[in-house]
Amino acid sequence: ARDTEPDYVVTAISDTGAGISPEDLPKVFNPFFTRKAEGTGLGLPITQRIIYNHNGIIVIFPVMSIASIEFVIKLMNTCCICFVSAAI
């Protein structure tokens with residue numbers, strides 16, 4: 001018997017930059033929040049909105065051991081075959 005829980009596609013993306021300070025983590029999805037001199041603060045809020053509009057979630061996990069972060073995206077698998085493409 002198949003579970004009634006829907007299937008999900010999960011993707012994890014690691015950022016090996018300087019990381020995000022613990023006090024900034026709750027703010028990163030707020031529109032216009034940025035610590036960059038030339039940033040708009042719209043990248044992560046737009047990303048979150050797109051993922052939510054596709055019945056998904058995005059969460060951030062700090063990786064304290066290497067001062068990095070990991071974004072985890074979970075989307076409902078609504079098709080039989082999923083294709084992933086990347087521009088090179």
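Here, every reference points to the structure presented above.
Please read all numbers here as calculations on a predicted model, not as lab measurements. Note on numbering: residues in each chain are counted from 1, in written sequence order. With pLDDT at 70 or above as the cut-off, local features in this predicted model cover only qualifying residues; side-chain atom pairs require 80 or more to be listed or tallied, and sums for whole chains, interfaces and linings still use all residues. Side-chain metrics rest on all non-hydrogen atoms present in the structure, leaving aside hydrogens and water.

Helix numbering and strand numbering both begin at the N terminus, where a helix is a DSSP run of H or I of at least 4 residues and a strand a DSSP run of E of at least 2. Looking only at helices and strands, the protein features 1 helix and 3 strands. Reading the protein from its N end, one meets helices and strands in the order β-α-β-β. Accessibility here uses a 1.4 Å probe with only protein chains present; expressed as a share of the type maximum, an area under 20% marks a residue as buried, one over 50% as exposed, and anything in between as partly exposed. Across the 88 residues that make up the protein, the buried fraction comes to 18%. Residue contacts are defined here by distance: any two heavy atoms, one from each residue, within 4.5 Å place the two residues in contact. When contacts within the protein are restricted to residue pairs at least 6 apart in sequence, those whose partners lie at least 24 apart make up 47%.

In this structure, Leu25, Val28, Phe29, Ile51, Ile58, Ile60, Ile69, Phe71 and Ile73 together form the largest nonpolar core, which totals 9 residues. Among the elements of the structure, strand E2 (57-63) and strand E3 (68-76) are those that each provide at least two residues to this core. Ranked by the residues each element gives to this core, the list is headed by E3, at 3 residues. Among all residues touching Phe71, those that are not within four sequence positions of it are Thr11, Ala12, Ile13, Leu44, Ile58, Val59 and Ile60. Buried Ala, Val, Leu, Ile, Met, Phe, Trp, Tyr and Cys residues form a nonpolar core when they are joined through side-chain atoms within 4.5 Å.

Now for a nonpolar patch on the surface. Together, Tyr52, Ile57, Val59 and Phe61 line one region of the surface with nonpolar side chains, adding up to about 360 Å² of accessible area. When residues of the nonpolar patch are assigned to their parent elements, the largest contribution, 3 residues, is made by E2. Relative to the assigned elements, Phe61 resides in strand E2. Within the patch definition used here, like charges are joined within 9 Å and nonpolar side chains (Val, Leu, Ile, Met, Phe, Trp, Tyr) within 5 Å, considering only residues with over 30% relative accessible area and no salt bridge. Note that accessible areas follow from Shrake-Rupley with a 1.4 Å probe, and for residues the cover is restricted to the protein chains shown. In what follows, salt bridge is the name for a side-chain nitrogen of Lys or Arg lying within 4 Å of a carboxyl oxygen of Asp or Glu.

A positive phi angle, near 75 degrees, is found at Phe32, a position not held by glycine. As for its position among the elements, Phe32 is in the loop between strand E1 (8-15) and helix H1 (43-53). Note on Phe32: relative accessible area 60%, which makes it exposed. At Asn55, a residue that is not glycine, the phi angle is positive and equals roughly 60 degrees. Within the fold, Asn55 resides in the loop between H1 and E2.

In this section: the packing of aromatic side chains. What counts as a ring pair is set by centres within 6.5 Å for rings of Phe, Tyr and Trp (its six-membered ring), and what kind of pair is set by the plane angle: stacked under 30 degrees, edge-to-face over 60, tilted for all other angles. Scanning the model with the defined rule gives 0 aromatic pairs in all. Two limits define a charge over a ring: the Lys NZ or Arg CZ must be within 6 Å of the ring centre, and within 35 degrees of the ring normal. The aromatic ring of Tyr8 is capped on one face by Lys74, whose charged end is 4.3 Å from the ring centroid.

Structurally, Gln48 is set in helix H1. Gln48 gets classed as buried once you look at its relative accessible area, which sits at 16%. Among residues more than four places away in sequence, those in contact with Gln48 are Phe29 and Ile58.

The analysis is restricted to geometry; functional conclusions fall outside its scope.
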